[in-house]
Amino acid sequence: MVVSVASGKGGTGKTTVAVNLALSLEENVQFLDCDVEEPNAHIFLKPKITHARSLSVLVPKVDEKRCTYCGKCARFCSYNAIAIVKEKVLFFPELCHNCGGCTIVCPEKAIREVKRPKGVIEEGRSGKIRFIKGELNVGEAVSPPLIREVKRAADEDFLTIIDVPPGTSCPVIEAVKESDFCLLVTEPTPFGLNDLILAVEVMRKLKIPFAVVINRSDIGDGKVEEYCEKEKIPILMRIPMDRRIATAYSKGTPIVEEIPEYREKFKELYEKIKQMLSK
Amino acid sequence: MKQIVVISGKGGTGKTVISASFASLAEKKVMADCDVDAADLHLLLHPTVKEEYDFLGKVARIDQERCTQCGRCQEVCRFEAISDFTIDPVSCEGCGVCAYVCPQKAIEMVEDVSGKWFVSETKYGPLVHAKLGIAEENSGKLVSLVKQKARQIAEEEGCEFIIIDGPPGIGCPVIASLSGVDVALIVSEPTLSGIHDLERVAGVAHHFGVRSLVCINKYDLNMENSQQIEEFCQSHGIEIAGKIPFDSTVTEAMVCGKSIVEYSDGKVSRRIKEVWEKVKEV
């Protein structure tokens, strides 16, 4: 089973929920940190990394001796990653989506593909949790290839928990798609509600069963609760604002280590997910 | 004219709260909300939409009558978007390679509306903002459009500042938000995650040659970590624009739909004003 933890808005507590859920379960758990732009789960899980490898993607390299500056590649590229300025080919590798189109369209066969490092995949263990993390290289723009690679490294026999990046666009889709269930973490504020509604639309579009966890549940207003009731979205857990949790978070300590009673609450959360899926 | 972008690496550190405050503090400015995935600035600025535009994306479509199921498209697609001779529009990134290689010319790249963008009026001045469609691609391109329009308005109206509320992360919409700006204000928080993410986003700003300043939000939640942020900034030649204390009035202001400086005259507002004074002088 694959449970992903997402939210439209950043900083609502995705990593907190994902990490503490992973630490509370008796099952064989593997944790995938797919927030490859800003991965944080390792700060809390402190895994021992046993294996790290660099992921490269294919980007074009132009043989200027063969190039006639016809501009076909630049016109074909949907991502503005190639431009021809006078008698020169300008290539912007951070914009390249590695589709391979320029190589195919070049009439002079002047473009071949070369490897360019995109990021790093780390695998290891945190206690009995199998841990996999992707980390995008600073300066790279396009993260989905790395997210795909993190997911490929997963072992299907495990209960998989995925920490998803914030937002609603391509990196989020790449991380959550094919999940059996998704927890949407939000906070009861106007920003939290606005971005929760967007995240709900993503889940509905992808047809992934989902439910909500409200973090800092006693701040803000009651509009997230009202919205969930109206939309018949189950709220599976509420985590109140607690200085102990905030301080523990700031130091990289999981809630269940600071306040062990939470272990039962996260187990209950998982039981509720299973119940929802068995219906 | 000065372009200021507010970014953070980590989400939820207070970018939008600070951008909205700058909107109410700055004179002669245009605002741009470049968090096109999950835009929130409108919740504090209450825009009246004046102009609305479609943001068009491309997606492949297979004409099943022409398709001979040769499988060439599936071979060349790098996004695993084609299976059983049908396109998954969610996975399709609109590159057009399948349409190019199809020997039957059975694949067409069709335009679809993958978002909207708006020019609005607010009580603080013009706001350019956008809404990327759900599960759509190319947020970087939409960010560039929003910024371009904001620049055009700023030039026409002789504005002094463009205030850009940026997205979280370090990927394509962040890079698009950073391009061509004069200064990036990085909003950080004193948590280990916040520090980790600050270091990465500061690296991105540096990589693209943008000068950055850092402001530590909720600095009093963990003084030790705040100290670590200051040391990081010092060793990397990054100026600290200010430190903002934790205060529950920030959430109260948000619930009331107001920027914090408009809502309260308390310590948070005073500190944000100091940050603005520093940022605008860069």
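As the structure is a computational prediction, the values presented were derived from the model and not from experiment.

(A) Main features of the overall build of chain B. The helix and strand tally for chain B stands at eleven helices and eleven strands. Across the 282 residues of chain B, 57% fall into the buried class. Pairs at least 24 residues apart make up 75% of the contacts formed inside chain B by residues separated by at least 6 positions.

(B) Spatial organisation of the domain arrangement of chain A. Residues and elements named next belong to chain A. In terms of domains, chain A is made up of domain 1 (2–55 + 119–278) and domain 2 (64–109). Look at where the C-alpha atoms of domain 1 and domain 2 centre, and you get two points 39 Å apart. At the junction of the two partners, domain 1 supplies five residues and domain 2 supplies four residues. Among the residues forming the side of domain 1 that touches domain 2, the class breakdown is three nonpolar, one polar and one charged.

(C) Focus on the interface of chain A and chain B. In this complex, chain A contributes 53 residues to the contact, which on the side of chain B involves 51 residues. The dominant element in the side of chain A that touches chain B, judged by the number of residues it contributes, is helix 7 (residues 190–206) of chain A, at nine residues. Of the residues that constitute the side of chain A that touches chain B, the class distribution is 22 nonpolar, 22 polar and nine charged.

(D) A look at the packing of helix 1 (residues 14–24) of chain A against helix 11 (residues 262–278) of chain A. Residue and element names in this part refer to chain A. At a closest axis distance of 8 Å, the pairing of helix 1 and helix 11 adopts a crossing angle of 95°. One finds that helix 1 runs roughly perpendicular with respect to helix 11. In contact with Asn 20, Leu 21 and Ser 24 of helix 1, helix 11 contributes Tyr 262, Arg 263, Phe 266, Lys 267, Leu 269 and Tyr 270.

(E) Expanded view of the domain arrangement of chain B. The domain architecture assigned to chain B consists of domain 1 (2–46 + 123–281) and domain 2 (58–113). The gap between the C-alpha centroids of domain 1 of chain B and domain 2 of chain B is 39 Å.

(F) Representation of the environment of A:Val5 within the structure. Along the chain, the position of A:Val5 falls in strand 1 (residues 2–6). Along the primary structure A:Val5 and A:Ser179 are separated by 174 residues, whereas in three dimensions their C-alpha atoms are 9.9 Å apart.

(G) Focus on the sheet that holds strand 6 (residues 111–126) of chain A. Residues and elements named next belong to chain A. Strand order in the open sheet made by the nine strands is 3-6-7-2-8-1-9-10-11, with mixed pairing throughout. Two strands close off the open sheet at either side, each with one partner strand: strand 3 (48–62) and strand 11 (235–239). Averaged over all neighbouring strand pairs, the angle between strand axes comes to 20°, with direction disregarded. On the sheet, helix 1 packs against strand 1, strand 2 (29–33), strand 7 (129–136), strand 8 (159–163), strand 9 (181–186) and strand 10 (210–215) and is oriented at approximately 160° with respect to strand 8. Helix-sheet contacts for helix 7 involve strand 1, strand 9 and strand 10, and the interaxial angle to strand 9 is about 170°.

(H) Layout of the packing of helix 7 (residues 192–207) of chain B against helix 8 (residues 223–235) of chain B. Residues and elements named next belong to chain B. With their axes 10 Å apart at the nearest point, helix 7 and helix 8 run at an angle of 10° to one another. Between helix 7 and helix 8, the angle is such that the two are roughly parallel. In the packing of helix 7 onto helix 8, the handedness of the crossing is right-handed. Here Leu 192, Ile 195, Leu 198 and Glu 199 of helix 7 come into contact with helix 8, specifically with Asn 225, Gln 228, Ile 229 and Phe 232.

(I) Local environment of helix 7 of chain A. Residue and element names in this part refer to chain A. Helix length check: helix 7, at 17 residues, gives a terminal C-alpha distance of 25 Å against a target of 24 Å (1.5 Å per residue), a fit within 8%. What helix 7 keeps buried is the set Phe 191, Gly 192, Leu 193, Asp 195, Leu 196, Leu 198, Ala 199, Val 200, Val 202 and Met 203. Once helix 7 ends, the next one or two residues include Lys 207, with phi positive near 60°.

(J) Geometry of unusual backbone geometry. In this structure, A:Arg216 is a non-glycine residue whose phi angle is positive, near 50°. Structurally, A:Arg216 can be placed in the loop between strand 10 and helix 8 (223–230). Its identity is not glycine, yet B:Lys105 carries a phi of approximately 50°, on the positive side. Within the secondary structure layout, B:Lys105 lies in the loop between helix 4 (97–101) and strand 6 (107–122).

(K) Seen up close, the nonpolar core. In this structure, A:Leu184, B:Val146, B:Ile162, B:Leu185 and B:Val214 are the most contacted members of the largest nonpolar core, which totals 147 residues. The greatest single-element share of this core, amounting to eight residues, is contributed by helix 7 of chain A. Sequence-distant contacts of B:Ile162, defined by excluding residues within four places in its chain, comprise B:Met1, B:Gln3, B:Ile4, B:Lys29, B:Val30, B:Ala32, B:Ala150, B:Arg151 and B:Ala154. In terms of nonpolar packing, the next biggest core, distinct from the first, is built from 16 residues, B:Ala81, B:Ile82, B:Cys92 and B:Cys98 among them.

(L) Broad picture of the sheet that holds strand 9 (residues 183–188) of chain B. All names here are of chain B. Read across the open sheet, the nine strands follow the order 3-6-7-2-8-1-9-10-11; overall the sheet is mixed. Both edges of this open sheet fall to strand 3 (48–62) and strand 11 (239–244), since each of them pairs with a single strand only. Between one strand axis and the next, the sheet turns by 20° as a mean value, whatever way the strands run. Of the pairings in the sheet, the one linking strand 6 to strand 7 (residues 125–132) comprises eight bridges and is antiparallel in character. Residue pairing across strands places Phe 118 opposite His 129, the latter belonging to strand 7. The strands that helix 1 (residues 15–25) touches are strand 1 (2–7), strand 2 (29–33), strand 8 (161–165) and strand 9; relative to strand 8, the one it contacts most, it runs at about 160°. Relative to strand 9, helix 7 is tilted by about 170°, and along the sheet it contacts strand 1, strand 9 and strand 10 (211–217).

(M) Summary view of helix 5 (residues 144–152) of chain A. For helix 5 of chain A, the set of buried residues is A:Pro144, A:Pro145, A:Leu146, A:Ile147, A:Val150 and A:Lys151. The secondary structure elements touched by the buried residues of helix 5 of chain A are strand 2, strand 3, strand 6, strand 7 and helix 6 (170–176) of chain A.

Each value, and the rule that gives it
- Residues numbered from 1 in each chain as written.
- Chains lettered and ligands numbered in written order.
- Predicted model: local features only at pLDDT ≥ 70, side-chain atom pairs only at ≥ 80, totals over all residues.
- Helix = DSSP H or I, 4+ residues; strand = E, 2+ residues; numbered from the N terminus.
- Buried ≥ 20, exposed ≤ 12 C-beta atoms within 10 Å, placed from the backbone.
- Contact = placed C-beta atoms within 7 Å.
- Domains from an automatic or database assignment.
- Nonpolar A, V, L, I, M, F, W, Y, C, P; charged D, E, K, R; others polar.
- Axes fitted to C-alpha atoms, helices over the stretch in contact; angles between N-to-C directions.
- Parallel < 35°, antiparallel > 145°, perpendicular 65-115°, else oblique.
- Pairing = 2+ DSSP bridges.
- Left-handed = near helix turned anticlockwise from the far one by under 90°.
- Expected span 1.5 Å × (residues − 1).
- Core = buried A, V, L, I, M, F, W, Y, C linked by C-beta atoms within 7 Å.

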